[in-house]
Amino acid sequence: LFVIDSGDASLNSLKNVLVSLAIAFVIIAGGMKILKKYFDYKMDFCVITPQEITAYNQSGILNRNSKTIDADKIKSVTEECSGFIKSFFNFGNIRFLSEGDTAEGWDITLNFVHDPIETKNKVRNLIEPHLQEHTNITHEQDELRAAPIA
């Protein structure tokens, strides 16, 4: 690929082999990273119901883990579309943050979501009735607890 001339034929040959190996390593490492992103895109999925959000992460051929957040525990739903390529092709990430600390894993992030703003709005419309129902039940319970006993 590259030719480096230092005058000594055996040294030149060794340098050329090392440079070629380094370039091959960089190409293979880059290809592996792209392949990992592709498998994340194809194999990871999320199931959203009015009661909960469950994300499944395929981290290897035989390894899958899942994380579930109850809809009434969700504090915020945000979308992120950063960078020229993601903006141009309208892809981004959606993040569900629930009660608790993010360091403990109380969030779910969906990567490579097409039209993240519209998808976020659809998810919010799906889970909002459940949240309002849960909030109304909680308020009614609070009113019953606060009511004086006659």
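Residues numbered from 1 in each chain as written. Predicted model: local features only at pLDDT ≥ 70, side-chain atom pairs only at ≥ 80, totals over all residues. Heavy atoms only, no water.

### Some details on the overall build of the protein chain
Here comes step 1: Counting its secondary structure elements, the protein chain contains 3 helices and 6 strands.
Here comes step 2: For the protein chain, the succession of helices and strands along the chain, N to C, is α-β-β-β-β-α-β-β-α.
Here comes step 3: Looking at the protein chain residue by residue over its 150 residues, the buried ones come to 17%. (Helix = DSSP H or I, 4+ residues; strand = E, 2+ residues; numbered from the N terminus. Buried < 20%, exposed > 50% of the residue type's maximum accessible area, 1.4 Å probe, protein only.)

### Considerations on a nonpolar patch on the surface
Here comes step 1: On the surface, a nonpolar cluster with roughly 610 Å² of combined accessible area is contributed by I28, M32, L35, Y38, F39 and M43.
Here comes step 2: Checked against the element boundaries, F39 lands in helix α1 (residues 9-43). (Patch = residues over 30% accessible without salt bridge, like charges linked within 9 Å, V, L, I, M, F, W, Y side chains within 5 Å. Areas by Shrake-Rupley, 256 points an atom, 1.4 Å probe, with all protein chains shown as cover. Salt bridge = Lys/Arg side-chain N within 4 Å of Asp/Glu carboxyl O.)

### Considering the pattern of salt bridges
Here comes step 1: For the coordinates displayed, the defined rule picks out 1 salt bridge.
Here comes step 2: A salt bridge links R95 to D107; its shortest N-O distance comes to 2.9 Å. Residue R95 is found in strand β5 (residues 91-98), and its partner D107 is found in strand β6 (residues 107-114); the two are separated by 12 residues along the sequence.
Here comes step 3: Note on R95: relative accessible area 32%, which makes it partly exposed.
Here comes step 4: Residue D107 is classed as buried on the basis of its relative accessible area of 13%.

### As for the sheet that holds strand β3 (residues 64-70)
Hydrogen bonds between backbone groups are what pair the strands of a sheet, and the pairing can be parallel or antiparallel.
Here comes step 1: One open sheet holds the 3 strands; their spatial order is β1-β2-β3, and the pairing between them is antiparallel. Looking at which strands have only one partner, the edges of the open sheet turn out to be β1 (45-48) and β3. Taken pair by pair, the neighbouring strands of this sheet meet at an average axis angle of 15 degrees, ignoring direction.
Here comes step 2: Of the strand pairs in this sheet, β1 and strand β2 (residues 52-58) are connected by 4 bridges, and their pairing is antiparallel. Counted as the bridge partner of F45 is Y56 from β2. (Pairing = 2+ DSSP bridges. Axes fitted to C-alpha atoms, helices over the stretch in contact; angles between N-to-C directions.)

### As for the nonpolar core
Nonpolar side chains tend to gather and get buried jointly when the protein is soluble and globular.
Here comes step 1: Membership of the largest hydrophobic core comes to 13 residues, with the highest contact counts inside it found for I53, I74, V77, I94, F96, I108 and L110.
Here comes step 2: For this core, the secondary-structure elements that each account for two or more residues are β2, β4 (74-80), β5, β6 and α3 (116-146).
Here comes step 3: Counting residues per element, this core draws most heavily on β6, at 3 residues. (Core = buried A, V, L, I, M, F, W, Y, C linked by side-chain atoms within 4.5 Å.)

### Quick word on the packing of aromatic side chains
Here comes step 1: Summed over the entire model, instances satisfying the criterion amount to 3 aromatic pairs.
Here comes step 2: Ring centres of F88 and F89 lie 5.0 Å apart, and the angle between their planes is 90 degrees; this geometry places the pair in the edge-to-face category. (Phe/Tyr/Trp six-rings, centres within 6.5 Å; stacked < 30°, edge-to-face > 60°.)

### Quick look at the confidence of the model for the protein chain
Atom-level detail of predicted coordinates should not be read off regions where pLDDT is low.
Here comes step 1: With 76% of its residues at a pLDDT of 70 or more, the protein chain has an overall mean of 79.
Here comes step 2: Mean pLDDT in the protein chain bottoms out at α3, which sits at 72, and peaks at β1, which reaches 90. (pLDDT = per-residue confidence, 0-100.)

### Remarks on the side chain of N93
Here comes step 1: Among the secondary structure elements, N93 is positioned in strand β5.
Here comes step 2: A distance of 3.4 Å separates a polar side-chain atom of N93 from the backbone nitrogen of F112.
Here comes step 3: Not counting residues within four places of it along the chain, the set of residues in contact with N93 comprises T78, E79, E80, K86, T109, L110, N111, F112 and P116. (Polar contact = N/O pair within 3.5 Å; in protein donor to acceptor, adjacent residues only side chain to side chain. Contact = heavy atoms within 4.5 Å.)

### Observations regarding the side chain of K120
Here comes step 1: In this fold, K120 is placed in helix α3.
Here comes step 2: The residues contacting K120, other than those within four sequence positions of it, are V77, T78, E79 and I94.

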